[in-house]
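# Architecture and fold: a report
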Amino acid sequence: MTTSRFGLIQNDRAGRWFLGCLLLVGLLVPVLNLGVPEDSAFHFSTYSVTLLGKYLTYALLAIAADLVWGYLGILSLGHAAFFSLGGYAMGMYLMRQIGDRGVYGDPVLPDFMVFLNWHELPWFWQGFDMFWFAMLMVLVVPGLLAYAFGFLAFRSRVSGVYLSIITQALTYALMLAFFRNEMGFGGNNGLTDFKDLLGFSLREDSTRIALFMASALALGLGYLACRYIVGSRLGLACIAIRDAESRTRFIGYRVENVKLWVFTFSAMLAGIAGALYVPQVGIINPSEFSPLNSIELIIWVAVGGRATLYGAVIGALLVNYSKSYLTAALPDIWLFALGALFVLVTMYLPKGIAGLAKRREASA
Amino acid sequence: MTQIKYLQIADLNIAHRIRRVLIAVSLLLGLVAATTAYATEAGASDSGPSVLGDAWQTLTKGNYKQKADAIQAIAKQNPPQTVAVLKAMLQGELYYAKKTKRLYHMSEGDGQYRFSSIFDDEVVMQNRKRGYRKVKINNNLRGLLRQSLAGLQLGNKDAKVRLAAVNELLKSPDDDALQIVRSRIANEADEGVKHAMAALLAIDTLLKGDITDHSEAIATLRESLSPAAINALRSYHSPDKQLEAEAQQAIKSIDARKSWYSIIETTFFGLSLGSVLALAAIGLAITFGVMGVINMAHGELMMIGAYTTFVVQTLMPEHIGLSILVAIPAAFVVAGSVGIAIERGIIRHLYGRPLETLLATFGVSLILQQAVRSIFSPLNRTVETPQWMSGAWQVNEVLALTWNRMYIILFCLAVFMALIAIMKRTSLGLQVRAVSQNRNMARAMGVRSDWVDALTFGLGAGIAGIAGVGLSLLTNVGPNLGQSYIIDSFMVVVFGGVGNLLGTLVAGLGLGVANKIMEPWAGAVLAKILVLIFIILFIQKRPRGLFPQRGRAAEG
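Residues numbered from 1 in each chain as written. Chains lettered and ligands numbered in written order. Predicted model: local features only at pLDDT ≥ 70, side-chain atom pairs only at ≥ 80, totals over all residues.

## Regarding the overall build of chain A
The helix and strand tally for chain A stands at 14 helices and four strands. Scaling as 2.2 N^0.38, a compact globule of 364 residues should have a C-alpha radius of gyration of about 21 Å, and chain A matches this with 21 Å. Projected onto the principal axes, the alpha-carbon positions of chain A cover approximately 65 × 55 × 50 Å. Out of the 364 residues in chain A, the part that is buried amounts to 45%. (Helix = DSSP H or I, 4+ residues; strand = E, 2+ residues; numbered from the N terminus. Rg over C-alpha atoms; globule rule 2.2 N^0.38 Å. Buried ≥ 20, exposed ≤ 12 C-beta atoms within 10 Å, placed from the backbone.)

What follows is the structure, given as structure tokens:
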């Protein structure tokens, strides 16, 4: 293998395109927002920056899901759970940053705890005032849950539809749990009212731009990491498992180990996406765990085309853009459109948009 | 008016022919009824019914002695208003208009005084009590009123009213009333009422009676479950230590029985919740269990069934009870046809690709939800519960089993029986099983497998619709009805063992009972979470559920 500057993506033309576009957008958008005066036609509003940043975190989540669904054949209907857990870890850090600026002015306790008449911080909130610890938890909590869940599920060879259903049950159980006030995560209202991140106010345009660029960077790195895994021997084993699990096992691969590590990695990626999502949106609440979100995420991947990674990004951006547009313009149509998308894509477009592009390429 | 009289006369004629001996009595009864009916009508124009008019009028006057006589006269005649009037009087809620001397029942609410006439529908709302005066009573009258009321109610033909009267006395005992109870207990026909009366008298004995009777009274109370009996035993003190020990024993015995009944109650609640779960899962047990199709729109098919109930009830508002019975086949047909349409239109193209089926049917579920939202509005609709489903079967003081829960259990079992009969006894069932076990072989034998697929899916969908009828009676009917049941249904099917209908029933009932057992100490939400976690762990241990299919069919 020749080591060129593009080592990882030298055989990945679409990937190069995608990373190029990402780089362009990542640099151009800040310039258009900060450098161009507001009355200019080329000005990119801060609202749009945040919106685009949100889409980028969704795209990262979609890549994580594509890694396990496209390459490993595991249809996880619980990836929103890992996303939300990462988000909650970030949210807890942001809550602690509020300090005594909350409504009740308690220097340590977040508002909802004062409201619930709690007198000290629960043990699982300790340490979240430190940024590094919170970032560690963004990775560790989803990773651990995925590891524990995968350890049990893959070892007992729960697969296919059964796995999908129990991942759905997992996120459903988490949603119910986080809705409870006693859990100590703000119950129904979740965590919100954030003030600043690392000392930078979340209301500042510059902070929003920085978050946007961080999201773009994370997406790019996430893509490269997934591409690396997919291109490695581990990736080949994944594809083998997807296509013929028993045969791979008989050849001598430890199928459950491969599944477990890739699944855990994917969950951590989802956690990062969640952590970037929360400061941009400004709230995290239990409805993020809802099974509907996890399934919606799968349709992003399906629309874009599974087992391509960049397809997941396209799907996430496209579906979410249409969602933002339709829910505002024609709220009644959105669910019809989403439902039809599910049906049509699975029936007539099994390889998604990326598949269409490939087909044209092949015929040309 | 004349019609009523006419009917009375007709009644009399028949009575005359059949039982001559009763003529006099019937005449008297007829006369009283007719005059009461007439009086009720006439009350609108003058101040009170004519026969008892004087007695009613006396109540508005000042003399307590005359009032007492009037009360006795009224209680003796016992016109329909008696109980209401005497109660109102006792509670100081009986008023009369100063000008017309008519009697009103006064109630307060929202800072307003509401005067509703005793004899007709007239209602007056006022900010102040001006123009009306309370019918005053003294302690003597109060005793008389209580006694008359107890006597009237204890002498009522309806055992329920008698029981209510005795229970009332248990709360606030009254010597005069106890005297009546003592005289009536021997002739009491109803067992329940007799027991309550015995407990009432035993409590009185413990408080005031001779110490030699105490032992017997404690033994009587031992059989009772009412809080009053327990309180009496708790606060019982006696110089005789033996008797106190007996009382303690009795309390223990009562507590033991109470906890036994509460176990029965929990199980019953659990079974009814489990029936709902099982009912929701039955349709899925066919489509998922037998056909292997993941139908995420299953919940929405239930929703369609529930909305069908709502529509049927809107079409026939006069016959609520009947509408439910009509709704069952209607929901089956509607949901079944939607199911067949889904199968023919979408699922047929996706056989052998279960994950894609999951996504496509999820899309269908979103479309159906939004369709219902557009047609019926996003607001919840309520389906009226028919008369015969409300109320409860009061087994004793601590155990009451509500009818609607009872019906849902029976309904679930009936649907299950019917389904198992279809699967085991009909040729459709035979073909369904054949196709699910070995499609190619079945086709080679001449089974039209695609036709069977469509019908099977239609059957599953139709049963989901029937489940929707059941659900519509328990919860609000809204676009999200299905969503809240889909995960539970899948859990039940997977837990029971895919492809095993009986397993689904057992799993549903078992999970329902487990949920209700945990609820008292864990709370409803936590109980549900624990059940979910339990199932997730259970599937790791036994991926094929409680009752896995064995043999070749299992690998299909």
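## Re the overall build of chain B
Broken down by element type, chain B carries 22 helices and seven strands. By residue count, 40% of the 556 residues in chain B fall in the buried class. Of the contacts made within chain B by residues no fewer than 6 positions apart, 67% connect residues no fewer than 24 positions apart. (Contact = placed C-beta atoms within 7 Å.)

## With respect to the interface of chain B and chain A
Taken residue by residue, the interface counts 33 residues in chain B and 37 residues in chain A. Of all elements in the fold, only α15 (354–376), α20 (483–496) and α22 (524–541) of chain B reach the threshold of two or more residues within the side of chain B that touches chain A. A per-element tally of the side of chain B that touches chain A places α15 of chain B first, with 14 residues. Taken together, the residues that form the side of chain B that touches chain A break down as 24 nonpolar, six polar and three charged. (Nonpolar A, V, L, I, M, F, W, Y, C, P; charged D, E, K, R; others polar.)

## What to know about the environment of R242 of chain A
Residue and element names in this part refer to chain A. Positionally, R242 belongs in helix α8 (residues 233–243). Using a count of 17 C-beta atoms within 10 Å as the deciding quantity, one classes R242 as partly exposed. For R242 and Y228, which are 14 residues apart along the polypeptide, the C-alpha to C-alpha distance reads 18 Å. If near-sequence neighbours (up to four positions away) are discounted, R242 is found in contact with Y71, L72 and G73.

## Looking at unusual backbone geometry
The residue R157 of chain A is not glycine, and still its phi comes out positive at about 55°. Within the fold, R157 of chain A resides in the loop between α5 (131–155) and α6 (160–179). A tally of 15 C-beta atoms within 10 Å means that R157 of chain A is categorised as partly exposed. Phi at S377 of chain B takes a positive value of approximately 75°, unusual for a residue other than glycine. Along the chain, the position of S377 of chain B falls in the loop between α15 and β6 (392–394). Judged by local crowding, S377 of chain B falls into the exposed class, with 11 C-beta atoms found within 10 Å.

## Things to note about the pairing of strand β3 (residues 112–117) of chain B
Residues in a regular strand project their side chains so that they alternate between the two faces of the sheet. All names here are of chain B. Here six bridges tie strand β2 (residues 103–109) to β3, and the two strands are oriented antiparallel to one another. Bridging from a neighbouring strand, M106 pairs with F115 of β3. Here β2 folds back onto β3, and the loop between the two strands holds two residues, one of which, D110, carries a positive phi near 55°. Strand direction decides the pairing type here: β3 and strand β4 (residues 123–126), joined by four bridges, are antiparallel. When the sheet's bridge partners are listed, Y113 is paired in β4 with Q126. Between the end of β3 and the start of β4, which pair antiparallel, lie five residues. (Pairing = 2+ DSSP bridges.)

## Some remarks on the packing of α8 of chain A against helix α10 (residues 255–281) of chain A
Residue and element names in this part refer to chain A. In the contact formed by α8 and α10, the axes pass within 10 Å of each other and the chain directions differ by 110°. Put simply, α8 runs roughly perpendicular to α10. Between α8 and α10 lies a crossing of left-handed hand. Here L234, A237, C238 and I241 of α8 lie close against α10, whose contacting residues are V255, V258, K259 and V262. Looking at side-chain class alone, the contact of α8 with α10 contains seven nonpolar, no polar and one charged residues. (Axes fitted to C-alpha atoms, helices over the stretch in contact; angles between N-to-C directions. Parallel < 35°, antiparallel > 145°, perpendicular 65-115°, else oblique. Left-handed = near helix turned anticlockwise from the far one by under 90°.)

## A look at the packing of helix α3 (residues 79–98) of chain A against α5 of chain A
Residues and elements named next belong to chain A. Running from N to C, α3 and α5 cross one another at 160°; their axes reach a closest spacing of 9 Å. The pairing of α3 with α5 is recorded here as roughly antiparallel in orientation. For α3 against α5, the interelement crossing comes out right-handed. Touching F82, L85, G86, A89, M90, M92 and Y93 of α3 are F131, A134, M137, V138, V141, P142, L145 and A146, all from α5.

## Quick word on the environment of E191 of chain B
Note that E191 of chain B resides in helix α9 (residues 191–208). For the pair E191 of chain B and A159 of chain B, spaced 32 residues apart in sequence, the C-alpha separation works out to 9.6 Å.

## Side note on the sheet that holds β4 of chain B
Residue and element names in this part refer to chain B. Ordered by their spatial adjacency, five strands build an open sheet running β4-β3-β2-β1-β5, and the pairing between neighbours is antiparallel. The two strands at the open ends of the sheet, each matched to only one other strand, are β4 and β5 (132–134). For this sheet, the mean angle separating the axes of adjacent strands, direction not counted, is 35°. Bridge count for strand β1 (residues 94–97) against β5 is three bridges, and the pairing is antiparallel. Along β5, the bridge assignment pairs A97 with Y132.

## Observations concerning the nonpolar core
Counting 199 residues, the largest nonpolar core has A59, A62, I63, I298 and I299 of chain A as its most contacted members. In terms of residues, this core owes the most to one element, helix α2 (residues 46–71) of chain A, which gives 15 residues. Excluding residues that lie within four positions of it along the chain, I63 of chain A makes contacts with G222, Y223, C226, L269, L309, A312 and V313 of chain A. The next biggest cluster of nonpolar side chains, apart from the first, holds 51 residues, and it includes L103, V181, A232 and L233 of chain B. (Core = buried A, V, L, I, M, F, W, Y, C linked by C-beta atoms within 7 Å.)

## Quick look at helix α7 (residues 205–231) of chain A
In this model α7 of chain A runs 39 Å from its N-terminal to its C-terminal C-alpha over 27 residues, within 8% of the 39 Å that 1.5 Å per residue would give. Considered for burial, the residues of α7 of chain A that qualify are R208, I209, L211, F212, S215, A216, L219, G222, Y223, C226, R227 and V230 of chain A. (Expected span 1.5 Å × (residues − 1).)

## As for α8 of chain A
Residues and elements named next belong to chain A. Within the sequence span of α8, burial applies to A237, C238 and I241. On an axial view of α8, the arc spanned by its buried residues comes to 105°, and they lie on one face. Elements in contact with the buried residues of α8: α2, α9 (245–251) and α10. (Arc of directions from axis to C-beta.)

## Some details on the confidence of the model for chain B
Residue and element names in this part refer to chain B. For chain B, mean pLDDT is 79; residues scoring 70 or higher make up 88% of the total. The secondary structure element of chain B with the lowest average pLDDT is helix α2 (residues 23–42), at 46, and the one with the highest is helix α13 (residues 298–315), at 92. Interface predicted TM-score (ipTM) for the complex: 0.83; the corresponding pTM is 0.75. (pLDDT = per-residue confidence, 0-100.)

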